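Commentary on secondary and tertiary structure
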Amino acid sequence: QVQLVESGGGLVQAGGSLRLSCAASGRTFSLYAMAWFRQAPGKAREFVSAISGSGGSTSYADSVKGRFTISRDNAKNTVYLQMNSLKPEDTAVYYCAGTRAYGLRSPGTYDYWGQGTQVTVSS
């Protein structure tokens, strides 16, 4: 069982930056690929970025490529999402999620979810 707790959301102006963190419980964190998803009001939950268990592989949605960076610190059981050059369309609740297989982009393929953290980008 893995429990995930996100933090770091908030209100930022367009062009600004935020760093989200997701702290995981359990001793087997490095066995799990981790991902960030987001969900805006009235929209489906969408994939943002994923990272393999070792941290050696990463993937991004086209909409955030070049602006967001995912990373992890397995010693701290934490995954991060550095978000730069934020746009109003990045406004959403951001969720971290975990699964055993890397490279998955469908929310239904993830086993563990955090409660989400709100990111609001003002224009």
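The structure under discussion appears in the preceding block.
This structure is a prediction, so every number in the text was calculated from the model and none was measured. (Residues numbered from 1 in each chain as written. Predicted model: local features only at pLDDT ≥ 70, side-chain atom pairs only at ≥ 80, totals over all residues. Heavy atoms only, no water.)

1. So, the environment of Ala75
When you line up the elements, Ala75 lands in the loop between β7 (68–73) and β8 (78–83). Counting along the chain gives 46 residues from Ala75 to Phe29, while the straight-line C-alpha distance between them is 9.0 Å. (Helix = DSSP H or I, 4+ residues; strand = E, 2+ residues; numbered from the N terminus.)

2. Details of the pattern of salt bridges
Any two side chains of opposite charge can pair, given that their charged atoms come close. According to the stated counting rule, one finds four salt bridges in the structure shown. Glu46 is paired through a salt bridge with Arg38; the nearest N and O atoms lie 2.6 Å apart. For Glu46, a relative accessible area of 35% corresponds to the partly exposed category. Given the relative accessible area of 6%, Arg38 is considered buried. In this structure, Arg67 and Asp90 form a salt bridge, with 2.8 Å as the shortest nitrogen-oxygen distance. Of this pair, Arg67 sits in the loop between β6 (58–60) and β7 while Asp90 sits in the loop between β8 and β9 (92–99), and the two are 23 residues apart along the sequence. With a relative accessible area of 0%, Asp90 lands in the buried category. (Salt bridge = Lys/Arg side-chain N within 4 Å of Asp/Glu carboxyl O. Buried < 20%, exposed > 50% of the residue type's maximum accessible area, 1.4 Å probe, protein only.)

3. Concerning the state of the cysteines
What we call a disulfide is simply a covalent bond connecting the sulfur atoms of a pair of cysteines. Under the definition given, this model contains one disulfide. What pairs with Cys22 in a disulfide is Cys96, and their sulfur atoms sit 1.9 Å apart. Looking along the S-S bond of the Cys22-Cys96 disulfide, the torsion reads about 45°, which is the right-handed sense. With Cys22 in strand β3 (residues 18–24) and Cys96 in strand β9, the pair connects residues that are 74 residues apart, well separated along the chain. According to the relative accessible area criterion, Cys22 is buried, its value standing at 0%. The buried category is assigned to Cys96, whose relative accessible area is 0%. (Disulfide = S-S within 2.5 Å.)

4. Some remarks on the nonpolar core
Across soluble globular proteins, nonpolar side chains have a tendency to be buried as a group. Core analysis: the largest hydrophobic core is formed by 34 residues, its most contacted members being Trp36, Leu81, Met83 and Tyr94. Listing elements by their share of this core, those giving two or more residues are β3, β4 (33–39), β5 (46–51), β7, β8, β9 and β11 (117–122). (Core = buried A, V, L, I, M, F, W, Y, C linked by side-chain atoms within 4.5 Å.)

Distances and angles like these do not, on their own, reveal function.
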